[in-house]
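# Coordinate inspection notes
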Amino acid sequence: MTIIKGISALQENVNFLKNNGKTIGFVPTMGALHDGHISLITASKAENDITVCSIFVNPTQFNDPKDFEKYPITIEADIEKLELAGTNILFLPSVTEMYPDGFDKVPHYDLGVIETILEGKFRPGHFQGVCQIVHKLLKAVQPHNLYMGQKDYQQCMVINRLIQIENLGVKLHTRPTLREKDGLAMSSRNMRLNEEERKNALTIYRVLNYLKDHIEKESIAYLLDRSNLMLTDNNFRPDYVSIADAETLVPVENWDGHQKIVALIAAYQNEVRLIDNMALD
Ligand code: AMP
């Protein structure tokens, strides 16, 4: 695996490969890698000649400075996992490489309604930050294919919009959420959970399954009340529990049994904010 820290060196490398007819798959991450990340590498390797992974903890997408400060960094272990998975290039830029003019002159993207609901509402500025970094990374890597996780459901929708409005000509592949044996969605933030918090964290998966099992039997208002109770009973402070249209994320009040819908949850276990989602139909 080649490790590259500068944008121009990366571009030189990728251009050479593309000029030789190679297809490029790209997996952007913030490191602290787990099997969920590696599943994206594996998917990219199956469909491309060359797989590029980036590790960059992007300051502009953290609306909570404490969350940024405490974001886990495990670079040595990450490099080992990426090598083992057969990654070809690791792009490992510094903050000044990605933001040479600081954070004042960053662009603003017209993301529409999607930025005002759920994650957008509870993490103001988060999706602008995500777009700023993913746009820069896509310009640097110029991949044919981009791989992201369904765990960040709304993020995938935002990135699809970014690709459209900026005409980036890359295809987004959304991959299923990898889970721990008991069902907890894998997440870098899980490392921050103590033993008790880790036990409680499973409630999110339980609630999603409860919603899936009961969506045909109970009203949505009742299901949302029950879900919030289940979460608070297990020491969670929910930001939201939503049952929403799978394509727009507009909340659904009455389900007709046909509409594609998804349940989405964001909640704090003490200081650690976890998110997860599940298709309900
Ligand atoms: P992050 O490092 O959290 O920014 O995540 C990098 C990429 O990995 C994003 O596209 C995530 O959606 C994806 N990802 C995170 N957790 C999982 C998971 N449990 N299963 C599959 N993909 C994931």
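The paragraphs below set out a description of the structure included in this document. Computed from a prediction, not measured in an experiment: that's the story for all the values here. (Residues numbered from 1 in each chain as written. Predicted model: local features only at pLDDT ≥ 70, side-chain atom pairs only at ≥ 80, totals over all residues. Heavy atoms only, no water.)

### Observations concerning the site of the ligand
The local shell around the ligand holds 15 residues, among which Met 30, Gly 149, Asp 152, Leu 178 and Met 186 are the closest. Backbone polar atom of Gly 149 to an oxygen atom of the ligand: 3.0 Å apart, as the coordinates give it. Considered on its own, the ligand offers 490 Å² of accessible surface; in the complex 92% of this is hidden by protein. The element contributing the most residues to the shell around the ligand is helix α2 (residues 35-47), with 3 residues. Residues of the shell around the ligand, tallied by class, amount to 8 nonpolar, 6 polar and 1 charged. (Near = heavy atom within 4 Å. Polar contact = N/O pair within 3.5 Å; in protein donor to acceptor, adjacent residues only side chain to side chain. Areas by Shrake-Rupley, 256 points an atom, 1.4 Å probe, with all protein chains shown as cover. Helix = DSSP H or I, 4+ residues; strand = E, 2+ residues; numbered from the N terminus. Nonpolar A, V, L, I, M, F, W, Y, C, P; charged D, E, K, R; others polar.)

### Thoughts on the sheet that holds strand β9 (residues 272-279)
On the basis of which strands lie adjacent, the open sheet formed by 3 strands has the order β7-β8-β9 and antiparallel pairing. Of all strands in the sheet, those bounded by a partner on one side alone are β7 (236-245) and β9. With direction set aside, neighbouring strand axes in the sheet form an average angle of 10°. Along the sheet, helix α10 (residues 203-214) makes contact with β7, β8 (261-269) and β9, crossing β9 at roughly 25°. (Pairing = 2+ DSSP bridges. Axes fitted to C-alpha atoms, helices over the stretch in contact; angles between N-to-C directions. Contact = heavy atoms within 4.5 Å.)

### Here's the deal with unusual backbone geometry
Most of the time, phi is negative for any residue but glycine, and the peptide bond is trans. The backbone of Ala 32 sits at a positive phi, close to 50°, despite the residue not being glycine. Along the chain, the position of Ala 32 falls in the loop between β2 (24-29) and α2. Its relative accessible area of 1% is what places Ala 32 among the buried residues. Despite not being glycine, Asn 167 shows a phi value in the positive range, around 50°. By the element assignment, Asn 167 lies in the loop between α8 (153-165) and β6 (171-175). (Buried < 20%, exposed > 50% of the residue type's maximum accessible area, 1.4 Å probe, protein only.)

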